[in-house]
Amino acid sequence: SAFRGCSSLASVTIPEGVRRIYESAFAGCSSLASVTIPEGVTSIGVDAFKGCGGLNSITVAEGNSVYDSRNGCNAIIETASNKLLCGCNNTTIPSSVTRIGDSALFACSGFTNDNLDLSNVTSVGASAFAGTGITGTLNIPATLVEIGSEAFGASFTSITVALGNPVFDSRNNCNAVIETATNTLVIGCAATQIPIDIKAFGYGAFSSVKGLGHVDIPAFVTDLGERTFANSDIKSVSIPEGITTIPTSMFHLCEELETVSLPSTLKEIGMMAFNQNHKLKNISFPEGLTRIGDYAFTQCFAIETIDLPS
């Protein structure tokens, strides 16, 4: 974290003597435009360049024994594992890359669908593409069998999963990524039609999705994931009977949410569940509710009355 959050830092020269760049060393340096990794660097910590949204160029010096930026890809790739660790607005994903690391292109708002080639990728880490400028269609190839939480965090118009994928599917053209074995919806979009056999929502399944409007959560869904709709523009939601818990941060930063219908079966509202819902005016707590978690309704400025059950 040596330079973490230095948002005005525009350039940096890393000398040849440097061997290690520690965790979060330049995280949040949003004005940093280019980085060159010297030949001698053999260790780069987690999130070393996370949130450097102004990065347009990343180069690894020729002769580096651990990392490379093959084919002028504008990224740091771990050579032995073919894992893309850190990218930027102009990154192109080489066909030899098989893994995308956690937060690899986090907040690179200039990265678009034109460069999103996952053809040979088997694993995409948590928040790998969150906060990018990706829109359009998300195509999950048959090779991609591991997707981390909020891996994309983007607002797609459509989603497809290639036939033959052994882990995921998009059954009945539902415009979503479904984990086949557990019937869990892991990535959705505004065009998603939730299949009738879905049992659960994955962590952040609709996070940052725009164009949601009203959502009726179907009666057959029994498990609501954490951060399911976080930072989306959902306006109203009906939660079905049988649900007993609103998970942590489920509607965190849903600034357009105005109306919520809670089931009579609800027992617990999790931590930060409705945090910063600035337009939420009324919410009726069912009699069976026993616990409201920390910060559950923090900064819900529009709420006028609160009636707590016995």
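A short tour of the structure in this document, coming up.

For the rest of this paragraph, the subject is the environment of Leu 212. With respect to the element layout, Leu 212 can be found in the loop between strand S16 (200-201) and strand S17 (214-216). Residue Leu 212 is classed as buried on the basis of its relative accessible area of 13%. Taking the C-alpha atoms as reference, Leu 212 lies 7.6 Å from Ser 232; in sequence the two are 20 residues apart. Leave out the neighbours within four places in its chain, and Leu 212 touches Cys 189, Ala 190, Phe 206, Phe 229, Ser 232, Asp 233 and Ile 234.

Take the sheet that holds strand S5 (residues 67-68) next. One key point about sheets: their strands pair by backbone hydrogen bonds, in either a parallel or an antiparallel sense. The strand order across the open sheet formed by six strands is S5-S6-S7-S8-S9-S11, and the pairing between neighbours is mixed. One side of each edge strand has no neighbouring strand; the edge strands of this open sheet are S5 and strand S11 (146-147).

Moving on, we come to the sheet that holds S16. Read from one edge of the open sheet, four strands run S13-S14-S15-S16, paired in mixed fashion. With partners counted over all chains shown, the strands left at the sheet margins are strand S13 (168-169) and S16, one partner each. Two elements, strand S14 (residues 177-179) and strand S15 (residues 184-187), share three bridges in a ladder whose sense is antiparallel. Bridge pairing links Val 177 to Ile 187 in S15.

Moving on: unusual backbone geometry. A positive phi is found at Asp 47, a non-glycine position, where the angle reads about 60°. Of note, Asn 82 is a non-glycine position whose phi angle comes to about 55°, a positive value. Along the chain, Asn 82 falls in the loop between strand S6 (76-78) and strand S7 (83-86).

All chains considered together, the criterion is met by six salt bridges. With its nearest N and O atoms 2.9 Å apart, the salt bridge here joins Arg 227 to Glu 150. Taken together, the positions of Arg 227 in the loop between S17 and strand S18 (236-238) and Glu 150 in the loop between S11 and strand S12 (158-161) put the pair 77 residues apart, joining distant regions of the chain. The class of Glu 150 is buried, set by a relative accessible area of 15%. Two residues, Lys 279 and Glu 256, come together in a salt bridge whose shortest N-O distance is 2.8 Å. Of this pair, Lys 279 sits in the loop between strand S21 (268-269) and strand S22 (291-292) while Glu 256 is found in the loop between strand S19 (245-246) and strand S20 (259-261), placing the two residues 23 residues apart along the sequence. Under the relative-accessibility criterion, Lys 279 is labelled partly exposed at 34%. The exposure class assigned to Glu 256 is partly exposed, which follows from its relative accessible area of 28%.

What follows concerns the pairing of S15. Adjacent in sequence and paired antiparallel, S14 and S15 are bridged by four residues, among which Asn 183 carries a positive phi angle near 55°. Of the pairings in the sheet, the one linking S15 to S16 comprises two bridges and is parallel in character. Along S16, the bridge assignment pairs Leu 185 with Phe 201.

The next point concerns the nonpolar core. Judged by nonpolar contacts, the single largest core of 38 residues is most densely connected at Ile 246, Phe 251, Ile 269 and Phe 274. If we skip the residues at most four places from it in the chain, Ile 246 touches Leu 224, Ile 239, Phe 251, Leu 262, Leu 266, Glu 268, Ile 269, Gly 270, Ala 273 and Phe 274. Grouped together as the second largest cluster of nonpolar side chains are 32 residues, Val 97, Phe 129, Ala 151 and Phe 156 included.

Calculation criteria
Residues numbered from 1 in each chain as written. Predicted model: local features only at pLDDT ≥ 70, side-chain atom pairs only at ≥ 80, totals over all residues. Heavy atoms only, no water. Helix = DSSP H or I, 4+ residues; strand = E, 2+ residues; numbered from the N terminus. Buried < 20%, exposed > 50% of the residue type's maximum accessible area, 1.4 Å probe, protein only. Contact = heavy atoms within 4.5 Å. Pairing = 2+ DSSP bridges. Salt bridge = Lys/Arg side-chain N within 4 Å of Asp/Glu carboxyl O. Core = buried A, V, L, I, M, F, W, Y, C linked by side-chain atoms within 4.5 Å.

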